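One-letter residues, chain by chain:
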Amino acid sequence: MYIICSTCGSANPATSTTCWKCSMPLAPREEPPQTNAPHPATPRPPTAAPASTDKPSSTGGVGPAMVTAETLQFTTASYTTRTRVAGEAPLSLALNFPAPLWMGEPATLQLELRNLISKPIENVEVSLLSRAFRETLSESFPLLPGREMLRFPLKAIPAATGQFLLTCTVKLRSGGQVKNYIGARVIWVNPVPAPEQYPLLPERVKVNRGATGTHLRAVCEATPAAAPPVLANWDAVQAVTLPEMYEPLELGLDYQLSVSALEEGSQRQELYIPRLFITNAQTGTKLKLNPANPDEGKGIHLVARPTFKIGRSRLDSDYVTWFWPRSHANDERTRHISRVHVILEIRDGRPMLRDGGSVAGSNYDGQPLSVEKWEPILRRATLVLAGEYYLEIHPTPGASTGPLVIKNLQLWNGPHDAPPPPLRGAIHFTPMNTQVAHHDAIWLFSDASFGTSRSNALVLPDTQGVGEIQGRFHYACGAFWLENVARNEMVRVNYYALKPGEVAPLINGQLVQLGKVNYHVEILT
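Analysis parameters
Residues numbered from 1 in each chain as written. Predicted model: local features only at pLDDT ≥ 70, side-chain atom pairs only at ≥ 80, totals over all residues. Heavy atoms only, no water. Helix = DSSP H or I, 4+ residues; strand = E, 2+ residues; numbered from the N terminus. Contact = heavy atoms within 4.5 Å. Areas by Shrake-Rupley, 256 points an atom, 1.4 Å probe, with all protein chains shown as cover. Pairing = 2+ DSSP bridges. Salt bridge = Lys/Arg side-chain N within 4 Å of Asp/Glu carboxyl O. Buried < 20%, exposed > 50% of the residue type's maximum accessible area, 1.4 Å probe, protein only. Phe/Tyr/Trp six-rings, centres within 6.5 Å; stacked < 30°, edge-to-face > 60°. Core = buried A, V, L, I, M, F, W, Y, C linked by side-chain atoms within 4.5 Å. Arc of directions from axis to C-beta.

(A) Representation of the overall build of the chain within the structure. Looking only at helices and strands, one finds six helices and 35 strands in the chain. Nonlocal contacts in the chain, meaning residues at least 24 apart in sequence, comprise 63% of its contacts between residues at least 6 apart. When the accessible surface of the chain is totalled, it reaches about 23,200 Å², and 53% of it is carbon and sulfur.

(B) The arrangement of the sheet that holds strand β27 (residues 447-451) in detail. The mixed open sheet is built from five strands, whose spatial order is β28-β27-β29-β30-β33. A single partner strand is all that each edge strand has here, and the edge strands are β28 (458-459) and β33 (503-505). Relative to strand β29 (residues 471-476), β27 runs antiparallel, the two being bridged by four bridges. In the strand pairing of β29, Ser449 is matched with Arg472.

(C) Molecular detail of the pattern of salt bridges. Under the definition given, this model contains 21 salt bridges. The closest approach of N and O atoms between Glu112 and Arg114, which form a salt bridge, is 3.4 Å. Here Glu112 falls in the buried class, since its relative accessible area comes to 9%. Each of the salt bridges in this network shares a partner with another, and the network as a whole consists of Glu112, Arg114, Arg151 and Glu244.

(D) A look at the packing of aromatic side chains. Under the defined criterion, the tally for this structure stands at twelve aromatic pairs. Here the aromatic rings of Phe308 and Trp443 are separated by 5.9 Å at their centres, their planes lie at 35°, and the arrangement is tilted. Placement of Phe308 in strand β16 (residues 307-311) and of Trp443 in strand β26 (residues 439-444) is noted, with a sequence separation of 135 residues between them. Neither residue differs from the other here; Phe308 and Trp443 are each classed as buried. Ring centres 4.9 Å apart and planes at 55° place the aromatic pair Tyr475 and Phe480 in the tilted group. Grouping residues by exposure puts Tyr475 and Phe480 together as buried. Aromatic ring contacts, followed pair by pair, group Phe308, Tyr319, Phe429, Trp443 and Phe445 into a single cluster.

(E) Quick peek at the nonpolar core. Ranked by internal contacts, the top residues of the largest apolar core, which has 41 residues, are Ile273, Leu287, Phe473, Trp481, Leu482, Leu506 and Leu514. Contact partners of Leu506, with chain neighbours within four places excluded, come to Gln282, Leu287, Phe473, Phe480, Trp481, Leu482, Val512, Val521 and Ile523. Ranked by size, the runner-up nonpolar core spans 33 residues in total, among them Leu91, Ala156, Tyr181 and Val189.

(F) Highlighting the environment of Ile523. Of note, Ile523 is situated in strand β35 (residues 517-524). Residues Ile523 and Lys286 lie 237 residues apart in sequence; the distance between their C-alpha atoms is 5.7 Å.

(G) Examining helix α5 (residues 259-266) more closely. Of the residues making up α5, those classed as buried are Val259, Ala261 and Gly265. Relative to the axis of α5, the buried residues are bounded by an arc of 160° and lie together on one face. Those residues of α5 hidden inside the fold are in contact with β8 (162-174), β9 (177-189), β13 (252-258) and β29.

(H) Broad picture of the pairing of β35. Here β35 shows one buried face, formed by Val517, Tyr519, Val521 and Ile523, and one open face, formed by Asn518, His520, Glu522 and Leu524. Sheet topology places strand β14 (residues 286-291) next to β35; six bridges connect them, and they run antiparallel. Along β35, the bridge assignment pairs Pro291 with Tyr519. Where strand β34 (residues 511-514) folds back onto β35 in an antiparallel hairpin, the turn is made up of two residues, including Gly515, whose phi is positive at roughly 65°.

(I) Broad picture of the environment of Phe473. If you trace the backbone, Phe473 turns up in strand β29. In the structure, Phe473 is positioned 23 residues away from Phe450 in sequence and 7.8 Å away in space, judged by C-alpha atoms.

(J) The arrangement of the sheet that holds strand β23 (residues 381-385) in detail. Pairing within the open sheet is mixed, and its twelve strands lie in the order β21-β20-β23-β24-β25-β26-β15-β14-β35-β34-β31-β32. Both outer strands of the open sheet, β21 (367-368) and β32 (496-497), are each paired with one neighbouring strand and no more. Two strands pair when backbone bridges link them, and strand β20 (residues 362-364) and β21 are joined in this way by two bridges, in the antiparallel orientation. Across the sheet, the residue bridging to Tyr364 is Gln367, located in β21.

Interpretation note: all reported values are geometric properties and have no functional meaning in isolation.
Pasting the structure below:
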């Protein structure tokens with residue numbers, strides 16, 4: 001019995017899930033394949049509906065449409081947090097823009113931080129990130145007393161003109177927990193006027209007011225006794241000030257972590273290879289952890305290559321972008337995604353990405369991607385494929401700034417002269433409007449922590465029985481390593497429970513246990 005691929009017409013064995021010829025998902029046998037797939041949908045905010053919905057995607061024009069302020073707000077990590085809010089934030093954050101933003105000109109953003117509870121909040125860290133600015137804006141405070149309000153400025157230099165996302169994070173300690181909140185809004189940066197543009201019309205000056213922004217004339221007309229200024233020259237433009245307006249930012253809970261788990265996970269012990277594994281040595285560039293029982297969980301892939309590919313092809317892509325679970329409607333949506341839709345690569349010592357020549361286009365951090373231009377991955381942001389697959393790209397820092405130090409490495413049988421990783425940390429990928437398809441995926445540079453807290457590079461389900469920060473995967477000496485951090489004997493290699501500070505080299509055929517789930521190790525070159 002065969003399944004006919006609705007994309008290329010090839011015959012496939014009945015047990016196949018993807019076409020052998022074009023790598024497209026095959027329609028489930030119980031449903032007839034659809035041959036008239038809709039055009040790629042225009043970029044739109046993902047909904048909170050479950051990914052298993054049977055409603056087909058809406059039709060639209062071929063290719064991605066211009067991203068609006070509304071869709072920009074939903075292409076940030078803030079969408080992820082809105083679906084996972086666990087209670088109200090203990091504080092509020094509001095922003096005021098004292099003047100319009102101009103490219104290349106120093107600017108000041110004013111922030112208002114207010115403690116909404118009666119107890120003090122400790123170790124408050126506020127960060128503002130945007131492609132509009134040359135660097136991250138941040139400030140920290142050791143203590144914010146109960147019911148107190150604090151206003152402070154942050155200096156910035158806009159580096160480009162246009163419409164951008166501004167992502168704000170607030171990290172704090174309260175009630176024995178470390179909590180991180182995140183929110184986002186859209187901002188606009190004006191180009192510096194050319195001499196022939198004077199006198200500049202006030203309606204041509206974009207002002208950061210409200211979710212969709214406005215212009216200078218509208219702000220002046222809405223302010224009693226404030227006539228629109230005469231912008232006869234650059235001095236007049238720089239003299240423009242806006243009436244004070246602190247606009248609250250919607251904050252959602254990003255992650256929380258107990259202080260004890262944070263302290264345990266941040267301890268850098270002197271690592272040691274147990275005698276049982278000292279002769280285990282295998283180099284490779286891809287680690288596959290395949291669950292011994294597929295019903296217990298998804299597989300885990302760690303890719304340590306300089307290039308990482310995202311798309312629908314299980315053969316050609318490292319992260320597989322299927323809409324999951326399988327259904328007729330989800331398969332039709334998956335067909336809009338190219339075999340290799342986006343390519344990530346380490347270039348000039350930085351992780352970067354570009355479109356892979358897709359038909360339906362891609363969008364990163366609110367900006368369209370092209371085939372010719374590489375865009376840097378500077379921070380956590382959202383990648384949109386074909387206007388409807390939303391994937392969060394989350395760089396995570398390494399546990400240390402230097403190379404992996406193992407006390408008895410000289411006794412290990414593997415190579416000792418392999419070059420060090422080009423970068424520190426890892427990049428994790430999280431689908432925002434569907435489930436993970438076949439396996440989780442990490443682009444691994446030096447190390448990636450794992451556990452149940454969303455502060456980890458690899459987040460495991462609570463039902464798996466591991467700790468908040470359970471351990472780390474490392475890539476060093478051309479090999480993959482597994483380190484245990486927590487004191488709960490939930491990390492085992494060939495039934496041996498790794499103690500805190502012990503690290504085991506991974507080789508083909510090993511059985512790795514992470515909590516309640518067993519995985520078979522497969523290493524590829």
